[in-house]
Amino acid sequence: MTWGFQTCGPNEALVVSGCCHKKPLLVPGGRAFVWPGIQYIQRLALNTMTLQVSSVNVNSGQGVSISVTGIAQVKIQGQNEEMLLAACEQFLGKPEDEIMQVALETLEGHQRAIMGSMTVEEIYRDRKKFSKGVFEVASSDLVNMGITVVSYTLKDIRDDEGYLKALGLARTAEVKRDARIGEAEARRDATIKEAIAEEERMASRLLNDTEIAKSKRDFELKKAAYDVEVQTKKAEAELAYELQAAKTKQRIKEENMQIKVIERTQEICIQSQEIQRRERELDSSVRRPAEADKYKLEKLAEAHRNKLIMEAEAEAEAIALKGDAEAFAIECKAKAEAEQMAKKADAWKEYKEAAMVDMMLQTLPKIAAEIAAPLSQTKKITLVSSGDGEVGAARITGEVLDIMVKVPDMVHRMTGVDITNNLSGNRVSFPAPRVRVR
(Lines give C-alpha, C1' and ligand atoms only; values in the text may rest on other atoms or scores of the structure.)
Protein backbone atom coordinates (compact mmCIF):
# COMPACT_ATOMS: atom_id res chain seq x y z
CA MET A 1 0.00 0.00 0.00
CA THR A 2 1.43 3.36 -1.10
CA TRP A 3 0.95 6.15 1.41
CA GLY A 4 2.57 9.38 2.63
CA PHE A 5 3.77 12.17 0.36
CA GLN A 6 3.85 11.09 -3.30
CA THR A 7 5.45 13.11 -6.13
CA CYS A 8 5.38 12.96 -9.92
CA GLY A 9 7.25 14.62 -12.76
CA PRO A 10 5.85 17.15 -15.24
CA ASN A 11 5.07 14.34 -17.73
CA GLU A 12 2.52 12.52 -15.52
CA ALA A 13 -0.39 13.21 -13.19
CA LEU A 14 -1.34 11.79 -9.79
CA VAL A 15 -4.94 10.65 -9.32
CA VAL A 16 -5.92 10.30 -5.64
CA SER A 17 -9.32 8.80 -4.87
CA GLY A 18 -11.09 7.59 -1.75
CA CYS A 19 -11.96 9.23 1.55
CA CYS A 20 -12.15 13.04 1.78
CA HIS A 21 -12.66 13.46 -1.99
CA LYS A 22 -16.05 13.67 -3.71
CA LYS A 23 -14.20 13.33 -7.02
CA PRO A 24 -10.64 12.22 -7.69
CA LEU A 25 -7.90 14.66 -6.77
CA LEU A 26 -5.86 15.43 -9.92
CA VAL A 27 -2.26 16.62 -9.44
CA PRO A 28 -0.37 17.10 -12.74
CA GLY A 29 3.38 17.40 -12.10
CA GLY A 30 3.38 17.93 -8.32
CA ARG A 31 2.86 16.13 -4.98
CA ALA A 32 0.02 14.88 -2.78
CA PHE A 33 -0.39 13.24 0.63
CA VAL A 34 -2.05 9.82 0.62
CA TRP A 35 -3.62 8.35 3.76
CA PRO A 36 -2.99 4.65 4.07
CA GLY A 37 -5.96 2.34 3.83
CA ILE A 38 -8.55 5.03 3.04
CA GLN A 39 -7.11 6.59 -0.10
CA TYR A 40 -5.81 5.11 -3.34
CA ILE A 41 -3.30 6.71 -5.75
CA GLN A 42 -2.84 6.06 -9.47
CA ARG A 43 -0.63 7.63 -12.13
CA LEU A 44 -1.54 8.76 -15.66
CA ALA A 45 1.18 9.47 -18.26
CA LEU A 46 1.02 12.84 -20.05
CA ASN A 47 3.71 12.05 -22.67
CA THR A 48 3.25 12.97 -26.33
CA MET A 49 2.35 9.97 -28.50
CA THR A 50 3.24 9.74 -32.19
CA LEU A 51 0.70 7.98 -34.42
CA GLN A 52 1.03 6.93 -38.04
CA VAL A 53 -2.47 7.16 -39.48
CA SER A 54 -2.76 5.06 -42.65
CA SER A 55 -5.90 4.86 -44.79
CA VAL A 56 -5.51 2.35 -47.64
CA ASN A 57 -7.65 2.27 -50.78
CA VAL A 58 -10.25 4.83 -49.74
CA ASN A 59 -12.54 6.27 -52.40
CA SER A 60 -12.29 10.03 -52.82
CA GLY A 61 -15.12 12.38 -53.67
CA GLN A 62 -14.75 11.39 -57.38
CA GLY A 63 -14.67 7.68 -56.57
CA VAL A 64 -10.94 7.30 -57.20
CA SER A 65 -9.28 4.84 -54.82
CA ILE A 66 -6.22 6.34 -53.08
CA SER A 67 -4.09 5.63 -50.02
CA VAL A 68 -3.08 8.35 -47.54
CA THR A 69 -0.56 8.26 -44.65
CA GLY A 70 -0.55 10.97 -42.00
CA ILE A 71 1.54 11.62 -38.87
CA ALA A 72 -0.26 12.84 -35.74
CA GLN A 73 1.09 13.94 -32.34
CA VAL A 74 -1.43 13.48 -29.51
CA LYS A 75 -1.28 13.68 -25.72
CA ILE A 76 -3.53 13.66 -22.70
CA GLN A 77 -4.20 17.26 -21.69
CA GLY A 78 -2.99 17.81 -18.13
CA GLN A 79 -3.62 21.55 -17.82
CA ASN A 80 -7.40 21.35 -18.29
CA GLU A 81 -9.01 19.71 -15.27
CA GLU A 82 -12.19 18.65 -17.13
CA MET A 83 -10.21 17.05 -19.95
CA LEU A 84 -7.86 15.36 -17.45
CA LEU A 85 -10.88 14.03 -15.54
CA ALA A 86 -12.38 12.73 -18.80
CA ALA A 87 -9.07 11.04 -19.67
CA CYS A 88 -9.03 9.42 -16.21
CA GLU A 89 -12.53 8.07 -16.80
CA GLN A 90 -11.53 6.71 -20.21
CA PHE A 91 -7.94 5.49 -19.80
CA LEU A 92 -6.88 5.32 -16.12
CA GLY A 93 -5.23 1.98 -15.48
CA LYS A 94 -4.87 1.17 -19.20
CA PRO A 95 -1.46 0.77 -20.86
CA GLU A 96 -0.17 3.43 -23.24
CA ASP A 97 -0.50 1.12 -26.26
CA GLU A 98 -4.23 0.82 -25.73
CA ILE A 99 -4.61 4.61 -25.43
CA MET A 100 -2.62 5.04 -28.68
CA GLN A 101 -4.85 2.46 -30.41
CA VAL A 102 -8.03 4.31 -29.43
CA ALA A 103 -6.63 7.64 -30.66
CA LEU A 104 -5.33 6.01 -33.85
CA GLU A 105 -8.68 4.47 -34.77
CA THR A 106 -10.44 7.77 -34.12
CA LEU A 107 -7.99 9.70 -36.30
CA GLU A 108 -8.15 7.09 -39.06
CA GLY A 109 -11.92 7.30 -39.16
CA HIS A 110 -11.90 11.09 -39.46
CA GLN A 111 -9.12 10.90 -42.07
CA ARG A 112 -11.26 8.53 -44.19
CA ALA A 113 -14.20 10.90 -43.84
CA ILE A 114 -12.19 13.88 -45.07
CA MET A 115 -10.78 11.79 -47.97
CA GLY A 116 -14.33 10.94 -49.07
CA SER A 117 -15.36 14.61 -49.05
CA MET A 118 -12.47 15.90 -51.21
CA THR A 119 -11.30 15.16 -54.72
CA VAL A 120 -7.91 13.66 -55.49
CA GLU A 121 -6.79 16.95 -57.05
CA GLU A 122 -7.75 18.91 -53.92
CA ILE A 123 -5.92 16.49 -51.63
CA TYR A 124 -2.86 16.40 -53.91
CA ARG A 125 -2.59 20.16 -54.52
CA ASP A 126 -3.86 21.53 -51.20
CA ARG A 127 -2.37 19.30 -48.53
CA LYS A 128 -2.65 22.08 -45.95
CA LYS A 129 -6.44 22.18 -46.36
CA PHE A 130 -6.66 18.39 -45.98
CA SER A 131 -4.45 18.40 -42.86
CA LYS A 132 -6.45 21.26 -41.34
CA GLY A 133 -9.76 19.41 -41.95
CA VAL A 134 -8.53 16.20 -40.31
CA PHE A 135 -7.02 18.17 -37.39
CA GLU A 136 -10.21 20.13 -36.65
CA VAL A 137 -12.62 17.19 -36.95
CA ALA A 138 -10.44 14.78 -34.96
CA SER A 139 -9.68 17.38 -32.26
CA SER A 140 -13.36 18.02 -31.58
CA ASP A 141 -13.94 14.30 -31.10
CA LEU A 142 -10.78 13.48 -29.08
CA VAL A 143 -11.33 16.40 -26.70
CA ASN A 144 -14.25 14.47 -25.19
CA MET A 145 -11.77 11.73 -24.32
CA GLY A 146 -9.34 14.19 -22.72
CA ILE A 147 -6.86 13.89 -25.61
CA THR A 148 -5.45 16.88 -27.48
CA VAL A 149 -4.19 16.68 -31.06
CA VAL A 150 -0.88 18.57 -30.95
CA SER A 151 -0.23 18.36 -34.70
CA TYR A 152 -1.21 16.51 -37.84
CA THR A 153 0.61 16.47 -41.18
CA LEU A 154 -0.01 14.60 -44.42
CA LYS A 155 3.00 12.41 -45.01
CA ASP A 156 2.18 10.56 -48.25
CA ILE A 157 -0.55 10.17 -50.88
CA ARG A 158 -0.50 7.40 -53.50
CA ASP A 159 -2.74 5.22 -55.65
CA ASP A 160 -2.43 1.87 -57.37
CA GLU A 161 -4.09 2.89 -60.68
CA GLY A 162 -1.61 5.60 -61.76
CA TYR A 163 -4.13 8.41 -61.38
CA LEU A 164 -1.70 10.74 -59.63
CA LYS A 165 0.97 9.98 -62.21
CA ALA A 166 -1.47 10.83 -65.00
CA LEU A 167 -2.23 14.14 -63.28
CA GLY A 168 1.45 14.88 -63.20
CA LEU A 169 1.90 13.94 -66.87
CA ALA A 170 -1.01 16.15 -67.94
CA ARG A 171 0.32 19.07 -65.96
CA THR A 172 3.80 18.46 -67.33
CA ALA A 173 2.43 18.47 -70.89
CA GLU A 174 0.55 21.71 -70.21
CA VAL A 175 3.66 23.36 -68.85
CA LYS A 176 5.75 22.22 -71.83
CA ARG A 177 3.06 23.46 -74.25
CA ASP A 178 2.87 26.83 -72.56
CA ALA A 179 6.67 27.04 -72.60
CA ARG A 180 6.82 26.37 -76.37
CA ILE A 181 4.08 28.92 -77.07
CA GLY A 182 5.75 31.49 -74.88
CA GLU A 183 9.10 30.86 -76.58
CA ALA A 184 7.54 31.31 -80.09
CA GLU A 185 5.77 34.50 -79.03
CA ALA A 186 8.99 35.82 -77.54
CA ARG A 187 10.87 35.11 -80.79
CA ARG A 188 8.15 36.87 -82.80
CA ASP A 189 8.13 39.92 -80.59
CA ALA A 190 11.90 40.01 -80.65
CA THR A 191 11.97 39.93 -84.49
CA ILE A 192 9.37 42.71 -84.74
CA LYS A 193 11.16 44.89 -82.25
CA GLU A 194 14.48 44.21 -83.96
CA ALA A 195 13.08 45.39 -87.34
CA ILE A 196 11.59 48.54 -85.79
CA ALA A 197 14.86 49.26 -84.08
CA GLU A 198 16.78 48.81 -87.36
CA GLU A 199 14.42 51.20 -89.15
CA GLU A 200 14.82 53.81 -86.45
CA ARG A 201 18.58 53.32 -86.55
CA MET A 202 18.74 53.96 -90.34
CA ALA A 203 16.55 57.07 -90.05
CA SER A 204 18.70 58.41 -87.28
CA ARG A 205 21.82 57.67 -89.28
CA LEU A 206 20.57 59.60 -92.37
CA LEU A 207 19.51 62.52 -90.22
CA ASN A 208 22.88 62.50 -88.52
CA ASP A 209 24.69 62.43 -91.90
CA THR A 210 22.69 65.47 -93.07
CA GLU A 211 23.48 67.36 -89.91
CA ILE A 212 27.14 66.39 -90.20
CA ALA A 213 27.35 67.73 -93.80
CA LYS A 214 25.69 70.97 -92.80
CA SER A 215 28.01 71.35 -89.88
CA LYS A 216 31.03 70.72 -92.14
CA ARG A 217 29.94 73.48 -94.52
CA ASP A 218 29.47 76.00 -91.74
CA PHE A 219 32.81 74.93 -90.31
CA GLU A 220 34.69 75.45 -93.56
CA LEU A 221 33.19 78.95 -94.07
CA LYS A 222 34.00 80.04 -90.57
CA LYS A 223 37.42 78.45 -90.81
CA ALA A 224 38.32 80.51 -93.94
CA ALA A 225 37.31 83.75 -92.23
CA TYR A 226 39.22 82.75 -89.17
CA ASP A 227 42.32 81.91 -91.25
CA VAL A 228 42.44 85.42 -92.77
CA GLU A 229 42.14 86.97 -89.36
CA VAL A 230 44.68 84.57 -87.95
CA GLN A 231 47.26 85.26 -90.66
CA THR A 232 46.90 89.02 -90.11
CA LYS A 233 47.30 88.68 -86.43
CA LYS A 234 50.17 86.26 -86.98
CA ALA A 235 52.15 88.78 -89.12
CA GLU A 236 51.58 91.52 -86.56
CA ALA A 237 52.63 89.15 -83.87
CA GLU A 238 55.83 88.19 -85.67
CA LEU A 239 56.91 91.85 -85.99
CA ALA A 240 55.99 92.53 -82.42
CA TYR A 241 57.81 89.34 -81.42
CA GLU A 242 61.05 90.40 -83.06
CA LEU A 243 60.91 93.80 -81.35
CA GLN A 244 60.09 92.26 -78.07
CA ALA A 245 62.81 89.66 -78.57
CA ALA A 246 65.43 92.40 -78.98
CA LYS A 247 64.23 94.14 -75.86
CA THR A 248 64.16 90.86 -74.00
CA LYS A 249 67.73 89.99 -75.07
CA GLN A 250 68.95 93.35 -73.77
CA ARG A 251 67.24 92.79 -70.44
CA ILE A 252 68.60 89.25 -70.32
CA LYS A 253 72.18 90.52 -70.77
CA GLU A 254 71.71 93.05 -68.00
CA GLU A 255 70.24 90.38 -65.75
CA ASN A 256 73.11 88.01 -66.59
CA MET A 257 75.66 90.63 -65.56
CA GLN A 258 73.78 91.25 -62.36
CA ILE A 259 73.61 87.50 -61.73
CA LYS A 260 77.37 87.16 -62.24
CA VAL A 261 78.01 89.95 -59.73
CA ILE A 262 75.70 88.27 -57.23
CA GLU A 263 77.31 84.88 -57.90
CA ARG A 264 80.79 86.32 -57.31
CA THR A 265 79.64 87.89 -54.07
CA GLN A 266 78.10 84.61 -53.01
CA GLU A 267 81.26 82.71 -53.89
CA ILE A 268 83.36 85.04 -51.74
CA CYS A 269 80.91 84.61 -48.87
CA ILE A 270 80.89 80.83 -49.35
CA GLN A 271 84.70 80.69 -49.40
CA SER A 272 84.85 82.68 -46.18
CA GLN A 273 82.31 80.33 -44.57
CA GLU A 274 84.24 77.33 -45.92
CA ILE A 275 87.46 78.62 -44.30
CA GLN A 276 85.66 78.99 -41.00
CA ARG A 277 84.11 75.56 -41.39
CA ARG A 278 87.47 73.94 -42.09
CA GLU A 279 89.00 75.69 -39.07
CA ARG A 280 86.19 74.36 -36.90
CA GLU A 281 86.51 70.96 -38.53
CA LEU A 282 90.28 70.86 -37.87
CA ASP A 283 89.66 72.01 -34.33
CA SER A 284 87.02 69.27 -33.74
CA SER A 285 88.69 66.47 -35.72
CA VAL A 286 92.42 67.02 -34.95
CA ARG A 287 93.17 69.23 -31.97
CA ARG A 288 90.44 68.09 -29.60
CA PRO A 289 90.88 64.34 -30.37
CA ALA A 290 94.65 64.85 -29.89
CA GLU A 291 94.05 66.44 -26.50
CA ALA A 292 91.59 63.65 -25.63
CA ASP A 293 94.13 60.99 -26.69
CA LYS A 294 96.85 62.71 -24.66
CA TYR A 295 94.62 62.82 -21.60
CA LYS A 296 93.64 59.20 -22.17
CA LEU A 297 97.27 58.05 -22.50
CA GLU A 298 98.25 59.96 -19.37
CA LYS A 299 95.45 58.34 -17.39
CA LEU A 300 96.28 54.91 -18.81
CA ALA A 301 99.98 55.33 -17.93
CA GLU A 302 99.10 56.46 -14.43
CA ALA A 303 96.70 53.54 -14.00
CA HIS A 304 99.30 51.09 -15.34
CA ARG A 305 101.92 52.47 -12.95
CA ASN A 306 99.53 52.16 -10.02
CA LYS A 307 98.65 48.65 -11.14
CA LEU A 308 102.32 47.61 -11.31
CA ILE A 309 102.99 49.11 -7.87
CA MET A 310 99.99 47.37 -6.35
CA GLU A 311 100.83 44.07 -8.05
CA ALA A 312 104.46 44.28 -6.83
CA GLU A 313 103.31 45.09 -3.30
CA ALA A 314 100.76 42.24 -3.40
CA GLU A 315 103.33 39.80 -4.79
CA ALA A 316 105.89 40.79 -2.18
CA GLU A 317 103.34 40.40 0.57
CA ALA A 318 102.22 37.01 -0.87
CA ILE A 319 105.88 35.83 -1.06
CA ALA A 320 106.45 36.94 2.52
CA LEU A 321 103.31 35.18 3.73
CA LYS A 322 104.17 32.06 1.72
CA GLY A 323 107.72 32.05 3.16
CA ASP A 324 106.37 32.41 6.67
CA ALA A 325 103.92 29.57 6.08
CA GLU A 326 106.56 27.30 4.56
CA ALA A 327 108.99 28.07 7.37
CA PHE A 328 106.33 27.33 9.96
CA ALA A 329 105.40 24.09 8.15
CA ILE A 330 109.05 23.02 7.90
CA GLU A 331 109.56 23.84 11.54
CA CYS A 332 106.49 21.82 12.56
CA LYS A 333 107.50 18.93 10.29
CA ALA A 334 111.06 18.96 11.64
CA LYS A 335 109.76 18.96 15.20
CA ALA A 336 107.43 16.06 14.41
CA GLU A 337 110.16 14.08 12.67
CA ALA A 338 112.63 14.80 15.48
CA GLU A 339 110.08 13.68 18.04
CA GLN A 340 109.34 10.58 15.98
CA MET A 341 113.04 9.77 15.61
CA ALA A 342 113.57 10.26 19.33
CA LYS A 343 110.74 7.91 20.17
CA LYS A 344 111.97 5.44 17.58
CA ALA A 345 115.52 5.64 19.05
CA ASP A 346 114.12 5.01 22.52
CA ALA A 347 112.23 2.03 21.20
CA TRP A 348 115.32 0.68 19.49
CA LYS A 349 117.30 1.01 22.66
CA GLU A 350 114.74 -0.97 24.61
CA TYR A 351 113.78 -3.53 22.00
CA LYS A 352 116.81 -3.63 19.70
CA GLU A 353 116.68 -7.30 18.62
CA ALA A 354 112.90 -7.48 18.56
CA ALA A 355 112.72 -4.30 16.51
CA MET A 356 115.20 -5.63 13.99
CA VAL A 357 113.25 -8.88 13.68
CA ASP A 358 110.03 -6.94 13.27
CA MET A 359 111.59 -4.73 10.59
CA MET A 360 112.93 -7.78 8.77
CA LEU A 361 109.57 -9.50 8.90
CA GLN A 362 107.90 -6.37 7.52
CA THR A 363 110.52 -5.87 4.80
CA LEU A 364 110.87 -9.46 3.56
CA PRO A 365 107.32 -9.62 2.01
CA LYS A 366 107.98 -6.32 0.21
CA ILE A 367 111.29 -7.70 -1.14
CA ALA A 368 109.52 -10.89 -2.26
CA ALA A 369 106.81 -8.79 -3.99
CA GLU A 370 109.41 -6.71 -5.84
CA ILE A 371 111.29 -9.88 -6.91
CA ALA A 372 108.06 -11.55 -8.13
CA ALA A 373 106.70 -8.34 -9.82
CA PRO A 374 108.26 -9.13 -13.25
CA LEU A 375 106.73 -12.61 -13.07
CA SER A 376 103.22 -11.11 -12.60
CA GLN A 377 103.58 -9.37 -16.00
CA THR A 378 104.56 -12.63 -17.73
CA LYS A 379 101.81 -14.10 -19.92
CA LYS A 380 103.39 -17.55 -20.37
CA ILE A 381 106.20 -19.49 -18.61
CA THR A 382 107.75 -22.68 -20.00
CA LEU A 383 109.73 -24.80 -17.46
CA VAL A 384 112.26 -27.42 -18.59
CA SER A 385 113.33 -30.01 -15.98
CA SER A 386 116.15 -32.55 -16.08
CA GLY A 387 114.34 -34.84 -13.65
CA ASP A 388 116.16 -33.69 -10.51
CA GLY A 389 114.59 -31.40 -7.94
CA GLU A 390 111.21 -29.75 -7.82
CA VAL A 391 108.98 -29.11 -10.84
CA GLY A 392 106.27 -26.49 -11.55
CA ALA A 393 105.19 -23.66 -9.27
CA ALA A 394 107.29 -25.03 -6.40
CA ARG A 395 110.42 -24.49 -8.46
CA ILE A 396 109.47 -20.85 -9.22
CA THR A 397 108.81 -20.23 -5.51
CA GLY A 398 112.10 -21.81 -4.63
CA GLU A 399 113.97 -19.56 -7.04
CA VAL A 400 112.30 -16.49 -5.49
CA LEU A 401 113.37 -17.69 -2.01
CA ASP A 402 116.96 -18.29 -3.23
CA ILE A 403 117.10 -14.67 -4.37
CA MET A 404 115.81 -13.48 -0.98
CA VAL A 405 118.50 -15.56 0.81
CA LYS A 406 121.17 -13.69 -1.13
CA VAL A 407 119.82 -10.30 0.04
CA PRO A 408 121.70 -10.27 3.43
CA ASP A 409 124.98 -11.01 1.66
CA MET A 410 124.37 -8.13 -0.76
CA VAL A 411 123.58 -5.80 2.16
CA HIS A 412 126.79 -6.92 3.93
CA ARG A 413 128.87 -6.15 0.84
CA MET A 414 127.28 -2.72 0.30
CA THR A 415 127.04 -1.50 3.94
CA GLY A 416 129.40 -3.76 5.91
CA VAL A 417 126.51 -4.79 8.21
CA ASP A 418 126.05 -8.53 8.65
CA ILE A 419 122.33 -8.91 9.31
CA THR A 420 122.50 -12.69 9.68
CA ASN A 421 125.19 -12.65 12.37
CA ASN A 422 123.43 -9.92 14.32
CA LEU A 423 120.15 -11.82 14.31
CA SER A 424 121.74 -15.23 15.07
CA GLY A 425 124.17 -13.83 17.66
CA ASN A 426 121.47 -12.08 19.58
CA ARG A 427 118.68 -14.50 20.11
CA VAL A 428 115.48 -12.70 20.61
CA SER A 429 113.16 -14.12 23.17
CA PHE A 430 109.56 -13.04 23.05
CA PRO A 431 107.42 -13.47 26.12
CA ALA A 432 105.10 -16.48 25.94
CA PRO A 433 101.47 -15.53 25.41
CA ARG A 434 99.17 -15.94 28.30
CA VAL A 435 96.25 -18.22 27.73
CA ARG A 436 93.19 -17.69 29.87
CA VAL A 437 91.26 -20.93 30.41
CA ARG A 438 87.62 -20.58 31.23
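Every chain begins its residue count from 1, and numbering advances along the sequence as written. Thresholds applied to this predicted model are a pLDDT of at least 70 for local features of residues and 80 or more for the giving and counting of side-chain atom pairs; totals over whole chains, interfaces and linings are not thresholded and use all residues. Values shown for side chains rest on all heavy atoms present in the structure; no hydrogens or waters enter the calculation.

### Comments concerning the overall build of the protein
Alright, step 1. Helix and strand definitions follow DSSP, with helices as H or I runs of at least four residues and strands as E runs of at least two, each counted in order from the N terminus. Across its full length, the protein carries nine helices and eight strands.
Alright, step 2. Expressed as a percentage of its 438 residues, the buried residues of the protein come to 17%.
Alright, step 3. Here, residues are in contact when the closest pair of their heavy atoms is within 4.5 Å. Pairs at least 24 apart in sequence give 65% of the contacts found in the protein among residues at least 6 apart.
Alright, step 4. The Shrake-Rupley method, run with a 1.4 Å probe sphere, supplies the accessible areas, and residue values consider only the shown protein chains as cover. For the protein, the accessible area works out to roughly 33400 Å², and carbon and sulfur atoms hold 57% of it. Note on exposure labels: buried denotes an accessible area under 20% of the residue type's maximum, exposed denotes more than 50%, and partly exposed covers the range between, all computed with a 1.4 Å probe on protein chains only.

### Here we look at unusual backbone geometry
Alright, step 1. A positive phi angle is found at Asn57, which is not glycine, with a value near 55°.
Alright, step 2. Topologically, Asn57 is positioned in strand β6 (residues 49–59).
Alright, step 3. A relative accessible area of 43% places Asn57 in the partly exposed class.

### Looking at the side chain of Thr106
Alright, step 1. Looking at where Thr106 falls in the secondary structure, it is placed in helix α2 (residues 96–117).
Alright, step 2. Contact partners of Thr106, with chain neighbours within four places excluded, come to Asp141, Leu142 and Met145.

### A short note on the pattern of salt bridges
Alright, step 1. Each reported salt bridge corresponds to a side-chain nitrogen of Lys or Arg within 4 Å of a carboxyl oxygen of Asp or Glu. Inspection of every chain in the model, using the stated rule, returns 15 salt bridges.
Alright, step 2. The residue Glu311 makes a salt bridge to Lys307 at a minimum N-O spacing of 4.0 Å. You can see Glu311 and its partner Lys307 sitting in helix α5 (residues 163–350), four residues apart, about one turn around the helix.
Alright, step 3. Judged by its relative accessible area of 41%, Glu311 falls in the partly exposed class.
Alright, step 4. Of the residues examined, Lys307 reaches a relative accessible area of 47% and is grouped as partly exposed.
Alright, step 5. Residue Lys335 pairs with Glu331 through a salt bridge whose shortest N-O separation is 3.3 Å. Linking Lys335 with Glu331, this pair stays in helix α5, spanning four residues, or about one helical turn.
Alright, step 6. Here Lys335 falls in the exposed class, since its relative accessible area comes to 52%.
Alright, step 7. Several salt bridges share partner residues, and in doing so they unite Glu274, Arg277, Arg278 and Glu281 into one network.

### Details of helix α1 (residues 81–91)
Alright, step 1. When α1 is considered as a whole, its buried residues turn out to be Met83, Leu84, Ala86, Ala87, Cys88 and Phe91.
Alright, step 2. One or two steps after α1, the chain reaches Gly93, where phi turns positive at roughly 90°.

### A short note on the sheet that holds strand β7 (residues 65–76)
Alright, step 1. When DSSP finds two or more bridges between a pair of strands, those strands are recorded as paired. Strands sit in the order β6-β7-β8 across an open sheet of three strands; the sheet is antiparallel. Unpaired on one side and paired on the other, β6 and β8 (147–158) mark the two borders of the sheet. Going across the sheet, the axis of each strand differs from the next one's by a mean of 20°, ignoring polarity.
Alright, step 2. Of the strand pairs in this sheet, β7 and β8 are connected by ten bridges, and their pairing is antiparallel. Of the residues in β8, the one forming a bridge with Ala72 is Tyr152.
Alright, step 3. Lines fitted to C-alpha atoms define the axes, with helix axes restricted to the stretch in contact, and inter-axis angles between N-to-C directions lie between 0 and 180 degrees. Across the face of the sheet, helix α4 (residues 127–142) comes into contact with β7 and β8 while running at roughly 145° to β8.

### Here's the deal with the nonpolar core
Alright, step 1. Side-chain atoms within 4.5 Å link the members of a nonpolar core, which is a set of buried Ala, Val, Leu, Ile, Met, Phe, Trp, Tyr and Cys residues. Counting 39 residues, the largest nonpolar core has Ile66, Val74, Ile76, Leu107, Phe130 and Ile147 as the members making the most contacts within it.
Alright, step 2. If we ignore the near neighbours within four places in the chain, the residues touching Leu107 are Leu51, Val53, Ala72, Val74, Ala138 and Leu142.
Alright, step 3. With seven residues, the next largest nonpolar core counts Cys8, Val16, Val34 and Ile41 among its residues.

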